[in-house]
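So the chains spell out like this:
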Amino acid sequence: MAGRIATARPRSGDWAQRLCRQLLRHAGMVRLFQYQGVAGRTGKPMTSRAAGLIREPRDPQRATFLELFFDLVFVLALAQLSRGLIQHLSWSGAFQTLVLLMAFWWVWAHMAGLTDIFDPQRPQVQLLVTASMLGGLVLAAVTPEAFGRRGLVFAGAYLAIQLGRCVFVVLVLRGHEAQRLFLRQLLWFSVSALPWIAGALAQGSARAALWTLAVVVDSTALGLRYPAPGLGRASSSEFAISGGHLAERYRQIFIIALGELILVAGLAFSGSGLGADRSAALVVSFATTVLLWRIYIFRAGELLGTAIGAARDPLRVGLPMVYSHVVMVAGIVVTAVGQELVIAHPLAHARSAWTAVILGGPALFLAGRAIFEYATFARVSRDRPIGLLLLAAVTPVMLHLPPLLAATAATAVLAAIAIADASRARRHPPELPSPPGGPP
């Protein structure tokens, strides 16, 4: 949805407010109707070459091959994360994996937001996306040693992507109203750069604490709409959300994550022999992957773009979409670890850590899926929380049973949810999205 980009009126006040006012004045902020070419307060049309970078409503709102090409890096990134977690299957290992996943997520999410605003067919945008892809490749390559000797490389690559994107866009959009959003992002990523670099120079628990702070800053900045001194929070129109394009991008990253499940299961099976127990574990793993896809796409996944367009404030759907998908992707990473363990050791003596990932992965997915459903329909189906309660209830029993039985129990819970969805679809007409806040 490319709409009007509102012009904030900075209040007079302290030095920070005056600085922001000067930045906006230098950027030449004027009111713009992007698709009508209406002149701003100056009375002159926006003829800057930067205006040609902005997507227009009449442009195809579909993901491009460039964006799909960019996503290939995250196949490696997710595989590295699951590999690291299975090698350090402990609370500290899980926490480190979460921190690294959040770094990858904000690289991907901000690039999805950028290509939602700007036309990926433009050479400048293509250059930025491919440069970020190279940075993402470096991030993925050094992930196994991010909390070791490669910490500075990881933090440096992450900041190069985030700060480099903001600086690039601010320079290219000189004199354009849309520059303001990226000035805000530049401010916030400059703040989080301090704990990222300090953590890279520290060791052990100090690095984990500082990088956690950095991730918290990066994660809350978007939720707060990038408040800046003298400007307040960004308006919904500054994000210029296109429902169709963003919905497709988030469906694609979810499919990428499911692809990592297929990759892990296939590699584990090929390296463990073709016995009956391992073959059964492969079937259970594949069924779990299918059920995760089915539960995700049922109604909410299909109607995400429509829900964004139906919202009075698109960010009321857009922000929960960002956060719910990272929870679901985290659940898939944990599920991949559980599936690898089940296929490699289907009838082994149970371990608490193994049971935790086998049941915890699907539980994380269901939690994220419930948030996603609420953002789309302003309600949550009862089978989602019931499924979470069932997974929690069977955990004490599964601690004493082989991994294959624990995985079968998790698959049975997911199957029950999918059956409940199908039954509800037969009994009731297709439901239209009704996001929180009502129609525009």
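A quick note: this is a predicted structure, and the numbers were derived from the prediction, not measured.

> Before we go on, may I ask you to explain the overall build of the protein in this structure?
If you tally the helices and strands in the protein, you get 15 helices and zero strands. Scored against the burial criterion, the 440 residues of the protein give a buried share of 52%. Contacts spanning at least 24 positions in sequence make up 79% of the contacts within the protein whose residues lie at least 6 apart. Total accessible area computed for the protein in this model is approximately 18,800 Å², and 67% of it derives from carbon and sulfur atoms.

> When you look at the packing of aromatic side chains in this model, what are you seeing that I'm missing?
Here the distance between the centres and the angle between the planes together describe a pair of aromatic rings. Scanning the model with the defined rule gives 16 aromatic pairs in all. Between F118 and F182 the ring centres are 5.6 Å apart and the planes differ by 40°, which places this aromatic pair in the tilted class. On the criterion of sequence distance, the pair formed by F118 in the loop between α3 (91-117) and α4 (123-142) and F182 in helix α6 (residues 179-201) is long-range, its members being 64 residues apart. Residue F118 shares its accessibility class with F182, and that shared class is buried. Ring-pair connections join several aromatic residues into one group, and the members of that group are F70, F74, F104, F147, F154, Y158, W196 and W211. The ring centre of W211 lies 5.6 Å from the NZ or CZ of R207, which sits over that ring.

> Which parts of the structure should I look at to understand the side chain of D119?
As for its position among the elements, D119 is in the loop between α3 and α4. The class for D119 is buried, based on a relative accessible area of 15%. A distance of 3.0 Å separates a polar side-chain atom of D119 from the backbone nitrogen of Q121.

> How do you make sense of the nonpolar core when you look at a structure like this?
Within soluble globular proteins, side chains that are nonpolar generally end up buried alongside one another. Counting residues in hydrophobic clusters, the biggest one holds 129 residues, and the most contacted among them are W105, F118, F154, W196 and W211. Looking at this core, the element that brings in the most residues is helix α12 (residues 315-344), giving 17 residues. Those residues in contact with F154 that sit more than four places away from it in its chain are L100, A103, F104, L139, V142, T143, A146, W196 and W211.

> Looking at this structure, how should I read the environment of A160?
Inspection of the secondary structure assignment puts A160 in helix α5 (residues 151-172). By relative accessible area, A160 is classed as exposed at 52%. A C-alpha to C-alpha distance of 10.0 Å links A160 and G136, two positions 24 residues apart in sequence.

> Quick question: what am I supposed to make of the packing of helix α7 (residues 204-223) against α12 here?
Between two packed helices, what matters for the description is the angle formed by their axes and the separation of those axes. The geometry of α7 relative to α12 is characterised by a closest axis approach of 10 Å and an angle of 155° between their N-to-C directions. Viewed along their axes, α7 and α12 adopt a mutual orientation that is roughly antiparallel. From α7, S219, L222 and G223 reach across to α12, where they touch L319, V322 and Y323. The residue inventory of the contact of α7 with α12, partitioned by class, reads four nonpolar, two polar and no charged.

> Would you mind showing me how to read α4 here?
Since one α-helical turn is 3.6 residues long, residues separated by three or four positions face the same way. The end-to-end C-alpha separation of α4 is 29 Å, in line with the 28 Å expected for 20 residues at 1.5 Å each. Taken residue by residue, α4 has V125, L128, V129, S132, M133, G135, G136, L139, A140 and V142 as its buried positions.

> Which parts of the structure should I look at to understand the environment of T395?
Looking at the element boundaries, T395 is found in helix α14 (residues 383-398). C-alpha of T395 to C-alpha of T355: the two residues are 40 residues apart in sequence and 7.4 Å apart in space.

> In this structure, what is going on with a nonpolar patch on the surface? I would like to understand it.
Taken together, the side chains of L76, L134, L137, V138 and V153 define a hydrophobic patch exposed on the protein surface, amounting to about 380 Å² of accessible area. The element that contributes the greatest number of residues to the nonpolar patch is α4, accounting for three residues. Tracing the backbone through its elements, the reader meets V138 in helix α4.

> How do you make sense of the pattern of salt bridges when you look at a structure like this?
Between side chains of opposite charge, a pair can form as their charged atoms come close. For the structure shown, the criterion picks out ten salt bridges. The salt bridge involving E67 is made with R249; its shortest N-O contact spans 3.3 Å. Of the two residues, E67 is situated in helix α2 (residues 65-87) and R249 in helix α9 (residues 243-270); the sequence distance between them amounts to 182 residues. R249 sits in the buried class, given a relative accessible area of 1%.

> It is not clear to me how the packing of α4 against α5 should be interpreted in this structure. Could you clarify?
In contact at an axis separation of 8 Å, α4 and α5 are set at 170° when each is read in the N-to-C sense. Taken together, the axes of α4 and α5 lie roughly antiparallel to each other. For the pair formed by α4 and α5, the contact residues are Q124, L127, L128, S132, G135, G136, V138, L139 and V142 on the first element and V153, F154, A157, Y158, I161, R165, F168 and V169 on the second. For the contact of α4 with α5, the class distribution of residues is twelve nonpolar, four polar and one charged.

> How do you make sense of unusual backbone geometry when you look at a structure like this?
Negative phi is the rule for most residues except glycine; trans is the rule for most peptide bonds. Even without being a glycine, R225 presents a positive backbone phi close to 65°. Its place among the elements puts R225 in the loop between α7 and α8 (236-239). On the basis of relative accessibility, which here comes to 13%, the residue R225 falls in the buried class. Phi angles above zero are rare outside glycine, and A378 is one such case at about 60°. When you line up the elements, A378 lands in the loop between α13 (352-377) and α14. We classify A378 as partly exposed; its relative accessible area is 33%.

> Would you mind showing me how to read the confidence of the model for the protein here?
Predicted coordinates in regions of low pLDDT should not be interpreted in detail. Taken as a whole, the protein shows an average pLDDT of 83; of its residues, 84% reach a score of 70 or greater. The element-level mean pLDDT for the protein is lowest in helix α1 (residues 15-27), coming to 38, with α14 highest at 95. Predicted confidence is poor over residues 1-48, with pLDDT under 50, and the contacts of this stretch with residues over four places away or in other chains come to 90 contacts.

> Is there a simple way to explain the side chain of T97 in this structure?
Among the structural elements, T97 can be located in helix α3. T97 gets classed as buried once you look at its relative accessible area, which sits at 11%. Leave out the neighbours within four places in its chain, and T97 touches L81 and L85.

Conventions used here
By convention here, each chain's residues receive numbers from 1 onward along its written sequence. pLDDT decides what is reported in this predicted model: residues at 70 or higher carry local features, side-chain atom pairs at 80 or more are listed and counted, and totals for whole chains, interfaces and linings draw on all residues regardless. By convention in this description, side-chain values take in all heavy atoms of the structure and omit both hydrogens and water. The numbering of helices and of strands both runs from the N terminus, where a helix is a DSSP run of H or I of at least 4 residues and a strand a run of E of at least 2. Think of it in three bands: residues with accessible area under 20% of the maximum for their type are buried, residues over 50% are exposed, and the middle band is partly exposed, with areas taken using a 1.4 Å probe on protein chains only. It only takes one pair of heavy atoms within 4.5 Å for two residues to be counted as in contact. For every accessible area listed, the method is Shrake-Rupley and the probe measures 1.4 Å; residues are considered covered only by the protein chains on display. The pairing test for Phe, Tyr and Trp rings, Trp by its six-membered ring, is centres within 6.5 Å, and the orientation test on the planes gives stacked under 30 degrees, edge-to-face over 60, and tilted for anything in between. A positively charged side chain is recorded as over a ring if its NZ (Lys) or CZ (Arg) lies within 6 Å of the ring centre. The angle to the ring normal must also be within 35 degrees. Under the rule applied, a polar contact is a pair of N or O atoms within 3.5 Å (in protein, one hydrogen donor and one hydrogen acceptor; residues adjacent in sequence only if both atoms are side-chain atoms). Nonpolar cores are built from buried Ala, Val, Leu, Ile, Met, Phe, Trp, Tyr and Cys residues. Side-chain atoms within 4.5 Å join them into one set. Axes here refer to lines fitted to C-alpha atoms; in helices the fit is confined to the stretch in contact. Angles between the N-to-C directions go from 0 to 180 degrees. To sort the angles, those under 35 degrees are grouped as roughly parallel, those over 145 as roughly antiparallel, those from 65 to 115 as roughly perpendicular, and the leftovers as oblique. Three categories are distinguished: nonpolar for Ala, Val, Leu, Ile, Met, Phe, Trp, Tyr, Cys and Pro, charged for Asp, Glu, Lys and Arg, and polar for the others, with Gly belonging to the last. For a helix, the expected span equals 1.5 Å multiplied by the residue count minus one. Nonpolar side chains (Val, Leu, Ile, Met, Phe, Trp, Tyr) are joined into patches within 5 Å and like charges within 9 Å, using only residues with over 30% relative accessible area and no salt bridge. Counted as salt bridges are all cases of a side-chain nitrogen of Lys or Arg within 4 Å of a carboxyl oxygen of Asp or Glu. The predictor's confidence in any single residue is recorded as pLDDT, a number from 0 to 100.

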